[in-house]
Amino acid sequence: MDGVRDFLNQWSEYLSSSPLKTDSHLNDASNEYSEEELNIATESFDKKCLLGSGSFGQVYKGTMKDGTEVAIKVLQVPNEGGFEEEVRVLSRFRHPNLVILMGFARHAETGWRSLIYEFLSGGDVAKRIAGSRQKKEPFSGQLRVSVALDAACGLSHLHNMTPRAFHRDIKSQNILLDKYGTAKMADFGLACLSSAPHHKVRRVGGTVGYACPEYLRTGVISEGSEVYSFGILLLELLTGVPPAVCCADRPGEYKFLVDFLQGSQEKVQQMLDPTAGFSTKVFEVLCSIAFRCINSRCRPLFKQLVEELRHLHSDAPDVPRAAETSAASQASVGQWSSSALCVGAAVEVRWRGGNQWYQGWILRQNPDSTAAVKYNDGQLEDHVPLSFLRLPGSQVSPSPPSHPTAASSVAELPQCQLKCVYAEGVTDTRTRYLIKSAPGSSELLVGRTAQLPSFWDFLVPEKELQSRVSRKHFKILCRQHQLADGQNHPVLFLQCLSPNGLVLNDEFLGPDAGEKQIQDGDTIALASCRLDAGTEETFSSAAGWAVPKPFLVFELEVPDPKRKHSENQQALLSSRQQPHGEPVQRSTGVEVFNSAYLPWDSASFVLQVARSQVISPAARCLFLWRCQPRAACDASRALAFNFAIFTDIFISHQHTANIRSNR
Ligand SMILES: Nc1ncnc2c1ncn2[C@@H]1O[C@H](COP(=O)(O)OP(=O)(O)OP(=O)(O)O)[C@@H](O)[C@H]1O
């Protein structure tokens, strides 16, 4: 009997010290690494090895004792983080487009678990899109097609095995690129195995914007619901904007990309990520595939998607395989061998009419060794020969008639001023604050350190909003620009200096937007958004859609150079000396001031005003912001607007009454 007790005691001791005490069932499926090995690989999980954080823990880069580079995901709540699911699924499926799980480890003291993957140095697709939009690192249309094909291959493999696997969290963050640009599906924490084509899950999981509505409603996952998420991914690759963003003013609520696009190819085209340089054909095919994926009536299977994407990929001669388009090497076809001249690169372009060079960036590489170039002033030129391109920083030359750009010389700023026409939460009529150009200066700088603190305290009393104003937020400068008469004339430019961006008229500009030509009457607004991918209002950076709500709006006033100096002075002075509450007279007949609010709730009136030309450009612009710029012209959409959001439009009672009686 004692012998038996001893044996049981020894067995129990062995179990408590043995690494096989738990997760032993996983040892058959995958390699187990010791905690010690991971400590050595990551220098005890040193901060410098941190690659990023997900919902369930951190991911570190490590080098194993054999020299292999790995990514180690530490799950602090292994059950929630899908530790077991990930080991089971990933160990079972081996495919070039699925990330390799090398093993797992257990942390004895904390109970945490780690997953050890092959290290993929090309970053995830979400980061690559953001990097491309910010012109930090190119992510060309060609590479995006290749990524879509790779992801579809990996997913098709999962759905054509028995049992099949449902990934359940297909999104741009979960697709990683290796150093050659090959994409691999990653993050199988929500994945599940099933031998049936449909699988009812106990808990619906996924990511807002990507998750299929039918799956969210029923909890039943199918290949179709995975294809839906894949379609959303394609739209993200096309537009460069995330599929859902939080509403800044309604926490917990989202705006969805698909709701805005409404299946319209035209809208996708308007929002197309300009840094991708998609050819028309690639855009059209990709867009039609995306819309089929999200349409429950004509959803393709992954197998079909692979065929179509492979066809698109091989059909376009200018689409090199991902392996050849490593982000790092930016190697390319034909004469596109210069690593610096890649899509997204800033360049100077020789104007064909002369010897001057103008600044812009490469929008697309054409197979005939020419490029499509977007100039900093927004103009586009296609088929520019390589010999007409050079890297910036070379000698500067004056502007041509049609391309006044950053390459032309800076001149003395003419007399001008910025008049505050709207400040959120400030009802005092003194909001008509002015920022004036200093005589003889070359620029007018606006920002927290450029004006007195009292200026900002008054105009932006809310501290949270004030923090959105950068120390140097934007500047206005002047360049000499040769007009058709052959004479040089001063032309004003606006340059955004802040990562928070700004809104020029109804266009959102980030710090990388370059210099934009501006003129008298233009409005410059500061709005509550940042350019970082994935944060609130990121949509705003795309094609003018959903321009974020401004909290401070300035109108530019530039005196007419043909008027006498004294008249200009008088004009500037009189606009400044408006007594409180007295409206600023506009030539078209509607008076605008900020102490009277629109007094009624008629949607048709709202429509009428939005369409009319009778209010000043500043108020009109403000009005359009309130009801979303493009939609304002669209009767059916405008009617749906809630009147409440228009209550701070500055229109006098008298004139709204006139408009009303004219209806
Ligand atoms: N195998 C890998 N190689 C290189 N980087 C990786 C690897 N796996 C993950 N990463 C990086 O680590 C970071 C965190 O990844 P993780 O999967 O934990 O989070 P996520 O997918 O961004 O978010 P969530 O888990 O909340 O969906 C990401 O930036 C990802 O790119």
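Per chain, the residues get numbers from 1 upward, laid out in the order the sequence is written. Side-chain atom pairs in this predicted model are given and counted only at pLDDT of 80 or more, local residue features only at pLDDT of at least 70, and totals for whole chains, interfaces and linings cover all residues. To get the side-chain values, all heavy atoms of the structure are used, and hydrogens and water are removed first.

1. Quick word on the site of the ligand
- Throughout, near means a residue has at least one heavy atom within 4 Å of the molecule or strand. Residues in contact with the ligand amount to 19 residues; listed here are only the nearest, S55, D124, K127, K171 and N174.
- Nitrogen and oxygen atoms within 3.5 Å of one another constitute a polar contact, given that in protein one can donate a hydrogen and the other can accept it, and given that sequence-neighbouring residues count only through two side-chain atoms. Measuring from a nitrogen atom of the ligand, one finds a backbone N or O atom of E118 at 2.9 Å.
- N174 places a side-chain nitrogen or oxygen 2.8 Å from an oxygen atom of the ligand.
- Elements with a minimum of two residues in the shell around the ligand: β2 (50–54), β4 (69–75) and β6 (113–118).
- Secondary structure elements follow DSSP: runs of H or I of four or more residues count as helices, runs of E of two or more count as strands, with numbering from the N terminus. With 4 residues, the single largest contributor to the shell around the ligand is β2.
- As a working rule, the residues Ala, Val, Leu, Ile, Met, Phe, Trp, Tyr, Cys and Pro are called nonpolar, Asp, Glu, Lys and Arg charged, and the rest polar, with Gly in that last group. Looking at side-chain class alone, the shell around the ligand contains 7 nonpolar, 6 polar and 6 charged residues.

2. Remarks on the packing of helix α6 (residues 141–159) against helix α8 (residues 223–239)
- All axes are obtained by fitting lines to C-alpha atoms, using only the stretch in contact for helices, and the reported angles, taken between N-to-C directions, cover 0 to 180 degrees. Across the interface, α6 lies against α8 with an axial gap of 11 Å and an inter-helix angle of 170°. By the angle between their axes, α6 is roughly antiparallel relative to α8. Counting all contacts with α6, which are made through R144, A148, A151, A152, L155 and H159, the residues of α8 involved are E223, E226, F230, L234 and L237.
- Each residue belonging to the contact of α6 with α8 can be placed in one class, and the counts come to 7 nonpolar, 1 polar and 3 charged. Roughly parallel refers to an angle under 35 degrees, roughly antiparallel to one over 145, roughly perpendicular to one between 65 and 115, and oblique to any angle outside these ranges. Note on contacts: a residue pair qualifies if any of its non-hydrogen atoms lie within 4.5 Å across the two residues.

3. Some words on the side chain of E223
- On the secondary structure map, E223 appears in helix α8.
- In this structure the side chain of E223 is engaged in a polar contact, spanning 2.8 Å, whose partner is the backbone nitrogen of F302.
- In this structure, E223 is in contact with H159, R164, F166, P197, L301 and F302, ignoring residues within four places of it in sequence.

4. Description of the nonpolar core
- Residues F230, L235, L238, V268 and L286 are the most contacted members of the largest nonpolar core, which totals 75 residues.
- Of the residues forming this core, the biggest block, 10 residues, is contributed by α6.
- Here V268 is in contact with L235, L238, T239, L261, F283, C287 and F291, once residues within four sequence places are set aside.
- Of all hydrophobic cores here, the second largest spans 32 residues; its members include A411, A423, V446 and L556. Residues grouped as a nonpolar core are buried Ala, Val, Leu, Ile, Met, Phe, Trp, Tyr and Cys residues, joined through side-chain atoms within 4.5 Å. Exposure is judged per residue with a 1.4 Å probe applied to protein chains only, and the accessible area is read against the type maximum: over 50% gives exposed, under 20% gives buried, and values in between give partly exposed.

5. With respect to the UniProt feature "binding site: ATP" (unreviewed entry) in the protein chain
- UniProt positions are given in the numbering used here, feature names are shortened, and annotations may be inferred rather than shown by experiment. With numbering matched to this structure, UniProt assigns "binding site: ATP" (unreviewed entry) to K73.
- In this structure, K73 sits in strand β4.
- Judged by its relative accessible area of 15%, K73 falls in the buried class.
- Setting aside chain neighbours within four positions, we find K73 in contact with Q58, V59, R113, S114, L115, Y117 and D187.

6. Describing helix α11 (residues 280–294)
- End to end, α11 covers 21 Å across 15 residues, agreeing with the expected 21 Å (1.5 Å per residue, within 8%).
- Taken as a whole, α11 has its buried residues at V282, F283, L286, C287, I289, A290, F291, C293 and I294. Take the residue count of a helix, subtract one, and multiply by 1.5 Å to get its expected span.

7. So, unusual backbone geometry
- A cis amide bond, omega -10°, links T162 with the succeeding residue P163.
- Relative to the helices and strands, P163 resides in the loop between α6 and β7 (164–166).
- A positive phi angle, close to 60°, is found at S44, a residue other than glycine.
- Its place among the elements puts S44 in the loop between α3 (35–41) and β2.
- For D187, which is not glycine, the phi torsion reads 60° and is therefore positive.
- If you trace the backbone, D187 turns up in the loop between β9 (183–185) and β10 (192–194).

8. Here we look at the environment of G141
- Assignment of secondary structure puts G141 in helix α6.
- The sequence separation of G141 and S279 amounts to 138 residues, and the corresponding C-alpha distance is 7.8 Å.
- Discounting residues that sit within four places of it in the chain, G141 has contacts with A276 and F278.

9. Comments concerning the pattern of salt bridges
- A side-chain nitrogen of Lys or Arg and a carboxyl oxygen of Asp or Glu constitute a salt bridge if their distance falls within 4 Å. Scanning the entire structure with this criterion turns up 20 salt bridges.
- Linking K171 and D169 is a salt bridge whose minimum nitrogen-to-oxygen distance equals 4.0 Å.
- Note on K171: relative accessible area 14%, which makes it buried.
- Put simply, K475 and E443 hold a salt bridge, and the shortest N to O gap is 3.3 Å. Taken together, the residues K475 in strand β24 (residues 474–482) and E443 in strand β23 (residues 443–446) connect sequence positions 32 residues apart.

10. Here's the deal with the sheet that holds strand β5 (residues 101–106)
- Here 6 strands make up an open sheet; going across it, the order is β1-β5-β6-β4-β3-β2 and the pairing mixed. If you trace the sheet from one side to the other, it starts and ends with β1 (32–33) and β2, each paired once.
- In terms of strand pairing, β2 meets strand β3 (residues 57–63) through 4 bridges, oriented antiparallel. Note that in β3 the partner of L50 across the bridge is Y60.
- On the sheet, helix α4 (residues 83–92) packs against β4, β5 and β6 and is oriented at approximately 30° with respect to β6. Paired strands, as defined in this entry, are two strands with at least two bridges between them according to DSSP.

11. A look at the packing of aromatic side chains
- Only centres within 6.5 Å qualify two rings of Phe, Tyr or Trp (six-membered ring in Trp) as a pair; their planes then separate them into stacked at under 30 degrees, edge-to-face at over 60, and tilted for everything else. Counted by the stated rule, this structure contains 5 aromatic pairs.
- Aromatic side chains Y254 and F256 sit 6.2 Å apart centroid to centroid with 40° between the ring planes, which places their arrangement in the tilted category.
- Over a ring means this: the NZ of a Lys or the CZ of an Arg is within 6 Å of the ring centre and within 35 degrees of the ring normal. The aromatic ring of F260 is capped on one face by K267, whose charged end is 5.0 Å from the ring centroid.

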